[in-house]
Amino acid sequence: MADRSVLVTGGTGGLGAAVTAAFVSAGWRVVTPQRRPPGPGPGGNEPVRLVADLTDAQDAARVAEVAAGDPEAPLRAVVNLVGGYASTGLVHETPVEEFDRMLTLNLRPTHLVTRAALPHLVAAGGGAVVCVAARAAVAPFPGVAGYVTAKAAVLGFASAVAVEYRSAGVRCNTVLPSVIDTPTNRAAMPDADHTRWVEPAEIASVIHFLASDESAPTSGAAVPVYGRA
């Protein structure tokens with residue numbers, strides 16, 4: 001039986017599936033909210049799946065309650081993977097609605113889920129929060145100002161959590177992937193050198209490490225996960 005739980009948002013995406021598998025393989029109880037109704041109920045070490053809109057504060061709170069609801073496996077980690085990408089043109093060409101949409105997709109779920117989970121992590125004696133930003137947050141490129149701003153905000157938010165909850169035993173770190181080798185990215189960039197991209201499983205192993213006791217001295221870090229890109 002699992003003796004600790006992790007809440008993984010975005011657990012059904014290209015990166016999320018690898019992260020979920022890494023935690024299940026390591027024996028964690030994994031809770032993964034998703035927008036669409038899940039399939040058959042959990043069995044064995046399968047993730048606990050539930051429907052939620054993580055841009056909604058009440059849904060985020062409900063998900064955190066479920067993740068912390070097993071007294072035999074207290075909530076000890078949160079992994080914030082939910083996000084989105086859009087190329088919207090130069091700043092003066094980008095509609096404010098598109099700019100706001102990037103903040104809603106990338107920052108709002110991370111804030112709401114972390115906010116809801118923190119009291120449970122503190123009550124369990126501490127734990128870890130892992131957020132996903134992007135290399136673009138520290139090395140921007142043209143045409144994606146909304147995405148760059150949102151991912152930089154995730155990085156800043158994670159740093160604030162690390163400082164505010166250090167004394168409560170809650171750590172917060174961020175990973176910064178480059179291009180992730182997923183089917184969606186391959187379809188969008190068929191002529192790119194995919195061998196230079198970082199594999200989801202490689203990122204998942206870093207995220208699992210940052211959520212585990214092995215990284216106990218580490219908080220407030222921004223970890224580059226670039227592959228050879």
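This structure is a prediction, so every number in the text was calculated from the model and none was measured.

1. Some points on the overall build of the protein chain
The secondary structure content of the protein chain amounts to seven helices and seven strands. Listed N to C, the secondary structure of the protein chain is β-α-β-β-α-β-α-α-β-α-β-α-α-β in terms of helices and strands. The globule rule puts the C-alpha radius of gyration for 229 residues at 17 Å, and the 17 Å found for the protein chain is close to it. Across its three principal axes, the protein chain shows a C-alpha extent of roughly 50 × 35 × 35 Å. The buried share of the protein chain, reckoned over its 229 residues, is 44%. Summarising the internal contacts of the protein chain: among those between residues at least 6 apart in sequence, 69% fall at separations of at least 24. Per element, the accessible surface of the protein chain, about 10,700 Å² overall, is 55% carbon and sulfur. Charge separation in the protein chain, taken as the distance between the mean sites of 17 positive and 20 negative side-chain charges, equals 2 Å.

2. Section: the nonpolar core
In terms of nonpolar packing, the biggest core is built from 29 residues, with L7, L75, V78, L121, V129 and C172 touching the most fellow members. Elements supplying a minimum of two residues to this core: helix 2 (57-67), strand 4 (75-80), helix 4 (108-123), strand 5 (127-132), helix 5 (145-164) and strand 6 (170-177). Those residues in contact with V78, other than ones at most four positions away along the chain, are V6, L7, V113, A117, L121, A128, V129 and V130. The next biggest cluster of nonpolar side chains, apart from the first, holds 23 residues, and it includes V130, V175, I203 and I207.

3. A look at the environment of A145
By the secondary structure assignment, A145 is in helix 5. Residues A145 and R76 lie 69 residues apart in sequence; the distance between their C-alpha atoms is 34 Å. Filtering out sequence-adjacent residues up to four positions away, A145 remains in contact with V91 and F99.

The rules behind each value
- Residues numbered from 1 in each chain as written.
- Predicted model: local features only at pLDDT ≥ 70, side-chain atom pairs only at ≥ 80, totals over all residues.
- Heavy atoms only, no water.
- Helix = DSSP H or I, 4+ residues; strand = E, 2+ residues; numbered from the N terminus.
- Rg over C-alpha atoms; globule rule 2.2 N^0.38 Å.
- Buried < 20%, exposed > 50% of the residue type's maximum accessible area, 1.4 Å probe, protein only.
- Contact = heavy atoms within 4.5 Å.
- Areas by Shrake-Rupley, 256 points an atom, 1.4 Å probe, with all protein chains shown as cover.
- Lys, Arg positive; Asp, Glu negative; His and termini not counted.
- Charge placed at Lys NZ, Arg CZ, Asp CG, Glu CD.
- Core = buried A, V, L, I, M, F, W, Y, C linked by side-chain atoms within 4.5 Å.

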